[in-house]
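Architecture at a glance
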Amino acid sequence: MFFLKENSVLAISAALTGFFFLLSLVLAILNIGDFSPPLILHFDQYRGADLLGGLAGFWLILGVAFVLIAGNLFLSRILWEKEKFLANFLFLVNFLLGIILLAAVGVIVNTN
């Protein structure tokens, strides 16, 4: 990815996104033995647990996040020559997605 050499902020953003995703994956793998279905995937302050699922639902969250991150990286690579603003925006959205993914996996692991 030669365009990361031109902008150090994008390189740092991409590295942190990868770090957050890998940290979420490691957190999930290390705690997978402690899970017993049904897993609480979402809870509300007023109604309590309102979305239950199995291990497939938990892995689906990580899978969808990976597809979104990979898709944004692919689109930003394509758009780099024509629309630098949109490419930068997609990189920074990936950074926020990595933080949200880490928070979501952490909450699911701590709740269950």
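These numbers were taken from a predicted model, which means no experiment stands behind them.

1. Considerations on the pairing of strand β2 (residues 48-53)
Summarising the sheet, strand β1 (residues 39-44) and β2 pair through 5 bridges and their orientation is antiparallel. Following the sheet pairing, L39 is matched in β2 by G53. The antiparallel pairing of β1 with β2 creates a hairpin that spans 3 residues between the two strands.

2. What about a nonpolar patch on the surface?
A grouping of I12, L16, F19 and L23 is seen on the molecular surface, where their side chains present a nonpolar patch of about 350 Å² in accessible area. Mapped onto the elements, I12 comes out in helix α2 (residues 8-31).

3. Here we look at the side chain of S76
Along the polypeptide, S76 turns up in helix α3 (residues 55-79). One polar contact links the side chain of S76 to the main-chain carbonyl oxygen of L73, over a distance of 2.9 Å. Excluding anything up to four places from it in sequence, S76 contacts A87, L90 and F91.

4. Describing the side chain of N94
Of note, N94 is situated in helix α4 (residues 84-111). Here N72 takes part through its side chain, which lies 2.9 Å from a polar atom of the side chain of N94. Apart from the residues within four sequence positions on either side, N94 is in contact with T17, L68, I69, N72 and L73.

Reading the values: the criteria
- Residues numbered from 1 in each chain as written.
- Predicted model: local features only at pLDDT ≥ 70, side-chain atom pairs only at ≥ 80, totals over all residues.
- Heavy atoms only, no water.
- Pairing = 2+ DSSP bridges.
- Helix = DSSP H or I, 4+ residues; strand = E, 2+ residues; numbered from the N terminus.
- Patch = residues over 30% accessible without salt bridge, like charges linked within 9 Å, V, L, I, M, F, W, Y side chains within 5 Å.
- Areas by Shrake-Rupley, 256 points an atom, 1.4 Å probe, with all protein chains shown as cover.
- Salt bridge = Lys/Arg side-chain N within 4 Å of Asp/Glu carboxyl O.
- Polar contact = N/O pair within 3.5 Å; in protein donor to acceptor, adjacent residues only side chain to side chain.
- Contact = heavy atoms within 4.5 Å.

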